[in-house]
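The lines below spell out each chain.
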Amino acid sequence: MTNISRRALFAAPTLLAMPAIAQGDDRPTLTIAVQKLSNSNTFEPPREQSNVGFRIHGLYAEQLVGTNWLGNADLVPGLATAWRRRDASTLELTLRPGVRFHDGREMTAEDVAFSFGARLFGTQGSSGAGQSTVLAGTATKEPPAEVIAVSRRTYPGLARIEIVDRHTVRFVNRSPDVTLEGRIAQSVGAILSREAFAAAPSWLEWGRAPVGTGPYRIAEFRPDTALVMEAHDAYWGGRPPARRLRFVEVPEVSGRVNGLFSGEYDFACDIPPDQISVVERNSRFEVLGSPINNIRKLAFDKSNPVLADARIRRAMSHAIDRQVLVDTLWAGRTVIPRGMQLESYGAMYLPDWENPRFDLAEARRLLREANYQGQPITYRLLNNYYTNQVASGQIAVEMWRAAGLNVQIEMMENFAQVTARTPGRGVRDWSNTSIFGDPVAGILRSFGPRTEAERTGEWSSATFNETSAALETETDLTRRRELFRRLLTILEREDPGYIVLHQAAAFTAKRKDIQWRAAKGWAMVFSQGNLRVRA
Amino acid sequence: MLRFFGSRLLRAAVTIVMVVTFAFIVLRLSGDPAQIIMGADAPPEAVDAFRTAWGLDQPVWLQYFHYFGAIFQGDLGRSMRDGRDAIVLVMERIPATLALTIPALLIKLGLGIPAGITAALHRNSFIDRAVMLMAVAGFTVPSFVLGLLLVLVFAVQLGWLPSGGQESWRHAILPIITMGVGGAAVLARFTRSAMLEVLGQPYIRTASAKGVPWRAVVWGHALPNAAIPTVTIVGFMVGSLIAGAVVVESVFSWPGVGRLLVVAVANRDLAVVQCILLLVAATMVTANLVVDLLYGLLDPRLRNQPKRATGAA
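Quick notes on the rules
- Residues numbered from 1 in each chain as written.
- Chains lettered and ligands numbered in written order.
- Predicted model: local features only at pLDDT ≥ 70, side-chain atom pairs only at ≥ 80, totals over all residues.
- Heavy atoms only, no water.
- Helix = DSSP H or I, 4+ residues; strand = E, 2+ residues; numbered from the N terminus.
- Buried < 20%, exposed > 50% of the residue type's maximum accessible area, 1.4 Å probe, protein only.
- Contact = heavy atoms within 4.5 Å.
- Lys, Arg positive; Asp, Glu negative; His and termini not counted.
- Charge placed at Lys NZ, Arg CZ, Asp CG, Glu CD.
- Patch = residues over 30% accessible without salt bridge, like charges linked within 9 Å, V, L, I, M, F, W, Y side chains within 5 Å.
- Areas by Shrake-Rupley, 256 points an atom, 1.4 Å probe, with all protein chains shown as cover.
- Salt bridge = Lys/Arg side-chain N within 4 Å of Asp/Glu carboxyl O.
- Domains from an automatic or database assignment.
- Polar contact = N/O pair within 3.5 Å; in protein donor to acceptor, adjacent residues only side chain to side chain.
- Pairing = 2+ DSSP bridges.
- Axes fitted to C-alpha atoms, helices over the stretch in contact; angles between N-to-C directions.
- Expected span 1.5 Å × (residues − 1).
- UniProt positions renumbered as here; feature names shortened; annotations may be inferred.
- Parallel < 35°, antiparallel > 145°, perpendicular 65-115°, else oblique.
- Left-handed = near helix turned anticlockwise from the far one by under 90°.
- Nonpolar A, V, L, I, M, F, W, Y, C, P; charged D, E, K, R; others polar.
- Phe/Tyr/Trp six-rings, centres within 6.5 Å; stacked < 30°, edge-to-face > 60°.
- Lys NZ or Arg CZ within 6 Å of the ring centre and 35° of its normal.
- Core = buried A, V, L, I, M, F, W, Y, C linked by side-chain atoms within 4.5 Å.
- 1 Å grid on protein atoms, 1.4 Å probe; cavity = no way out; pocket = protein on both sides within 12 Å on 5 of 7 lines; lining within 4 Å.
- Points joined across faces, edges and corners; volume = space filled by probe spheres on them.

1. Some thoughts on the overall build of chain B
If you tally the helices and strands in chain B, you get 14 helices and zero strands. The helix and strand sequence of chain B, counted from the amino end, reads α-α-α-α-α-α-α-α-α-α-α-α-α-α. For chain B, the residues scored as buried account for 48% of the 313 residues in total. Excluding contacts between residues fewer than 6 apart, the proportion of contacts in chain B whose partners are at least 24 apart in sequence is 73%. For chain B, the centre of its 24 positive side-chain charges and the centre of its 16 negative side-chain charges are spaced 20 Å apart.

Here you go:
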């Protein structure tokens, strides 16, 4: 008879379990090269409101209402399984049971109250008058001033969060707001662990690795170098398909593409359109991407003496052939929206709205009518802050020249220089992201009361402001559509504030043997069903 | 000697103050950090809150006064991006930069000086022309072009080395070669010129005529005299150890002081930029001071020069 020692008996289950452990570990580690990891060196959503933050936010944090980035960016259940309107100002949400934070705790209504309370507004509350300082965040739990400001803009009417029970909360607004669901779906509204915040030594320490519920947890962050996320195996949406995601910061496009070719990276993000063919000449790689929820535009400064005449701005709009820009600079891989709106606006989308048509004769007629004598108009241009920006600007200048306009490019280094209230400010590049499917999440973030256009003094209109205020609180759909149409009429026809160019598009290069779909936004999705590496 | 050292120190301090003042003014006149750091879509009240919190709404002269006051208390400010002490951020990156610049400096010295001496000793020969051809190629090709070429060959085509990053010693090879080759080329050119000038001097002819072996003439008479212009260039190279890898660090995604400087300038992270410039200026000035002292060691005439005897032999 074979002797079995006690030690062997203890070891047996371990040995039997080893194949299972090995199986668990065979999920891939993916390396993703990005241009930038974080603008603020934190991952706290209000400080990361740009393509840089939007790309990775959904991997580590989630909102009560989710966004279907792989579909049509429509709102879907997230950390809340259902929501219902109690009245125009109150929304009740049922929380998903059994959701675990990365620290192992279960998410409850208390975490929701914290996430929309102290975390966003500090001790000031959603309507407090005072402001904390940026430096406060380095030593205390008080959020930096810009966090509070972004939070107030995102939830301007939020009065309080009511905890009904452990898994039910109510959002109570001071005024009616039919877009509250969309506002809750924004990254600012991420639900983060209350206890992890309480345990952190300072707001900034916490902001470097916030504890959320997403499929991956932040494991390591080296500023300007690398961010490592590890699978959160207790994720409510199923076991994440990658064991580890390693984001590396590679500022140069050539570096990202070369690293992809040499096999160091599995994905290379932020690929400009002119590099798509370079990547796809190599049969092992492909480029995915599509138009996203961002519209590129050329903005006018109507305080400019020449551009004060709306006819000249209209003429400039008629002189731009948008299709040429899309075909030549974007290889036809983006689209021209119907004015400053996206199809994801759903019931608020105006399918019959048209951009001012490309019509040189009309442009010349308007210039004659305005008695334009060739006075120079300055175009302050940044060196490719936006993809293809310089080439696009040069083409636009030639198009304007063909209509008889004298537009002169002035290269600038940063946005502060572009928008500075100094003589000569005329035309500039800008873009508009619709952070959810409604005009209040799009054009009203740039134009109207307390927006950048008003702050810089480039464009303002009392009529526009009244109409936008009405749109924000109106609850009747037909009336809201009328108000939106009126806003577009003012901004794009009567008193042009900008010229719509095209939708922006984001392109990601990757190994062909990785099955993965790109989102219709900046977000990268690596959850179950959207990642498989062929053996 | 004390007067010499004192005047150099005073000049060094004035240089550092001028550099920091210039940077302070230019950075503030060329863009609002609040708008840049907060981004184009930031709500106006957030931008205003940021400006108030960091004192950017105060007059520039008052900001300057506060800045210098803090420096004398050892406070170089905090990063506007993430609130950490600027000096801590910079010191964290210095080892990464030195890991590139010191080996690159050794390559420059180890390749450049022998190549320049060899070319001078074989003037107008095939060796001279070959060395100078490589030297001209080395310093006319910009470092970012050379870096990309090396990546294409050794990372993409051959797959021998990584294309960027800082995970292992292998990641440092291509950036070190990129920096080393350009600097070696410059040193080779300077060393050759200096050697040729010295080799044409009467004392070299005299030594040879007296029957001193050629090797001894070169080692004992030519090299020490040719060292002065070479030491000047080496001084610059040592001075740029901290911030001399800006381009190469960007090309190879190497997280050193150069990358930090690029990011900080782009974001107008004022305290960080000023801290780096202060360190760079201090390093450069110190290196120049050392070079000045070395002149005295290398050339006794400079050491024993009478006060007003300039130019006359």
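2. Examining a nonpolar patch on the surface
Taken together, the side chains of Leu-149, Leu-152, Val-153, Leu-158 and Trp-160 of chain B define a hydrophobic patch exposed on the protein surface, amounting to about 470 Å² of accessible area. Mapping Val-153 of chain B onto the fold places it in helix H7 (residues 143-157).

3. Quick word on the domain arrangement of chain A
Residues and elements named next belong to chain A. Split by domain assignment, chain A resolves into domain 1 (27-249 + 512-533) and domain 2 (293-504). Of note, the centres of domain 1 and domain 2, computed from C-alpha atoms alone, are 32 Å apart. Facing the 17 residues of domain 1 at the interface are twelve residues of domain 2. On the surface where domain 1 and domain 2 come into contact, there are zero salt bridges. Between the two partners, domain 1 and domain 2, sit zero residue pairs in polar contact (both at pLDDT 80 or more).

4. A few points about the sheet that holds strand S7 (residues 168-173) of chain A
Residues and elements named next belong to chain A. Strand order in the open sheet formed by four strands is S4-S5-S7-S6, with antiparallel pairing between adjacent strands. The outermost strands of the open sheet, each flanked by one partner alone, are strand S4 (80-87) and strand S6 (158-165). Within the sheet, the average angular offset between the axes of one strand and its neighbour, ignoring direction, is 20 degrees. Summarising the sheet, strand S5 (residues 90-95) and S7 pair through five bridges and their orientation is antiparallel. Looking across to S7, one finds that Thr-94 is bridged to Thr-168.

5. Description of helix H15 (residues 389-403) of chain A
Residue and element names in this part refer to chain A. For H15, with 15 residues, the first-to-last C-alpha span of 21 Å sits near the 21 Å given by 1.5 Å per residue. The complete set of buried residues in H15 reads Gln-389, Val-390, Ser-392, Gly-393, Ala-396, Val-397, Met-399, Trp-400 and Ala-403. Positive backbone phi, at 100 degrees, marks Gly-404, one or two positions downstream of H15.

6. Things to note about the UniProt feature "transmembrane region" (unreviewed entry) in chain B
All names here are of chain B. UniProt marks residues 12-31, 98-121, 133-160, 172-190, 231-251 and 271-298 with the feature "transmembrane region" (unreviewed entry), using the numbering shown here. Span residues 12-31 is 90% helix and 0% strand, its end C-alpha atoms 29 Å apart. Secondary structure within residues 231-251 divides into 71% helix and 0% strand; the distance between the first and last C-alpha atoms comes to 29 Å.

7. Overview of the sheet that holds strand S9 (residues 226-231) of chain A
Residue and element names in this part refer to chain A. Within the open sheet, the ten strands sit side by side as S8-S9-S10-S1-S11-S16-S12-S15-S13-S14. Their pairing is mixed. Strands with a single pairing partner mark the edges of an open sheet, and in this sheet they are strand S8 (216-222) and strand S14 (407-412). Here seven bridges tie strand S12 (residues 285-300) to strand S15 (residues 427-433), and the two strands are oriented antiparallel to one another. Considered in S15, the bridge of Ala-299 is made with Arg-428.

8. Topic: the side chain of Asn-414 of chain A
Residue and element names in this part refer to chain A. Structurally, Asn-414 can be placed in the loop between S14 and helix H16 (415-419). Residue class for Asn-414 comes out buried when judged on its relative accessible area of 5%. Within the structure, the side chain of Asn-414 is placed 2.9 Å from the backbone nitrogen of Gln-417, a separation counted as a polar contact.

9. Observations concerning the packing of helix H18 (residues 462-473) of chain A against helix H19 (residues 477-494) of chain A
Residue and element names in this part refer to chain A. Where H18 meets H19, the closest approach of the two axes is 9 Å, and the angle between their N-to-C directions is 155 degrees. By the angle class used here, H18 and H19 are roughly antiparallel. For H18 against H19, the interelement crossing comes out left-handed. Between H18 and H19, the residues in contact are Thr-463, Phe-464, Thr-467, Ser-468, Ala-470 and Leu-471 and Arg-480, Leu-483, Phe-484, Arg-486, Leu-487, Ile-490 and Leu-491, respectively.

10. Details of helix H1 (residues 2-29) of chain B
Residues and elements named next belong to chain B. Here H1 is 28 residues long and its end C-alpha atoms lie 41 Å apart, about the 40 Å a rise of 1.5 Å per residue gives. Taken together, the buried positions of H1 are Ala-12, Ile-16, Val-20, Thr-21, Ala-23, Phe-24, Leu-27 and Arg-28. On its buried side, H1 packs onto helix H4 (60-71) and helix H13 (270-298). The positive-phi residue at the C-terminal boundary of H1 is Gly-31, with phi of around 155 degrees.

11. Focus on the interface of chain B and chain A
Each partner contributes to the interface: chain B provides 44 residues, whereas chain A provides 47 residues. Summed over the shared surface of chain B and chain A, the result is four salt bridges. Put simply, Arg-259 of chain B and Glu-249 of chain A hold a salt bridge, and the shortest N to O gap is 3.0 Å. The interface formed by chain B and chain A holds seven residue pairs in polar contact (both at pLDDT 80 or more) in total. Broken down by secondary-structure element, the contributors of at least two residues to the side of chain B that touches chain A are helix H2 (33-38), helix H3 (44-53), H7, helix H11 (246-251) and helix H12 (257-267) of chain B. In terms of residue class, the side of chain B that touches chain A is made up of 24 nonpolar, nine polar and eleven charged.

12. Some words on the environment of Gly-211 of chain B
Checked against the element boundaries, Gly-211 of chain B lands in the loop between helix H9 (202-209) and helix H10 (214-239). Given a relative accessible area of 54%, Gly-211 of chain B falls into the exposed group.

13. Remarks on the packing of aromatic side chains
Each aromatic ring pair is characterised by the separation of its centres together with the angle its planes make. All names here are of chain A. Applying the stated criterion across every chain yields a total of 28 aromatic pairs over all chains. Between Arg-96 and the ring centre of Trp-236, over which it is positioned, the NZ or CZ distance is 4.0 Å. The ring of Trp-430 carries Lys-297 above its face, with NZ or CZ at 4.1 Å from the centroid.

14. A few points about the nonpolar core
Counting 61 residues, the largest nonpolar core has Ile-312, Met-316, Ile-377, Trp-400, Leu-405 and Val-427 of chain A as the members making the most contacts within it. With six residues, the single largest contributor to this core is H15 of chain A. Setting aside chain neighbours within four positions, we find Trp-400 of chain A in contact with Leu-298, Met-316, Ala-319, Ile-320, Tyr-379, Leu-405, Val-407, Val-427 and Ile-499 of chain A. Core analysis: the second largest hydrophobic core is formed by 39 residues, Leu-27, Ile-71, Leu-278 and Val-285 of chain B among them.

15. Examining the packing of helix H5 (residues 86-121) of chain B against helix H8 (residues 170-199) of chain B
Residue and element names in this part refer to chain B. Taken N-terminus to C-terminus, the directions of H5 and H8 make an angle of 35 degrees; their axes are 6 Å apart at the nearest point. Crossing of H5 over H8 shows right-handed handedness. In the contact of H5 with H8, the residues fall into 23 nonpolar, six polar and two charged.

16. Let's talk about the layout of surface pockets
Residue and element names in this part refer to chain A. By volume, the second largest pocket is sized at about 800 Å³. Lining the second largest pocket are 35 residues; nearest its centre among them are Gly-58, Gln-63, Gly-66, Thr-67 and Trp-69. When residues of the lining of the second largest pocket are traced back to their parent elements, those giving at least two are helix H2 (51-60), strand S2 (65-67) and strand S3 (75-77). In terms of residue count, the dominant contributor to the lining of the second largest pocket is H2 (five residues). Taken together, the residues of the lining of the second largest pocket sort by class into 18 nonpolar, 15 polar and two charged. Composition of the lining of the second largest pocket by domain shows at least three residues from each of domain 1 (27-249 + 512-533) and domain 2 (293-504).

17. With respect to the environment of Asn-41 of chain A
As for its placement among the helices and strands, Asn-41 of chain A is situated in the loop between strand S1 (29-34) and H2. Residue Asn-41 of chain A is classed as buried on the basis of its relative accessible area, which comes to 4%. As for Asn-41 of chain A and Gly-207 of chain A, which are separated by 166 residues in sequence, their C-alpha atoms are 8.7 Å apart. Among residues more than four places away in sequence, those in contact with Asn-41 of chain A are Glu-48, Arg-208, Phe-221, Pro-223 and Asp-224 of chain A together with Arg-81 and Asp-82 of chain B.

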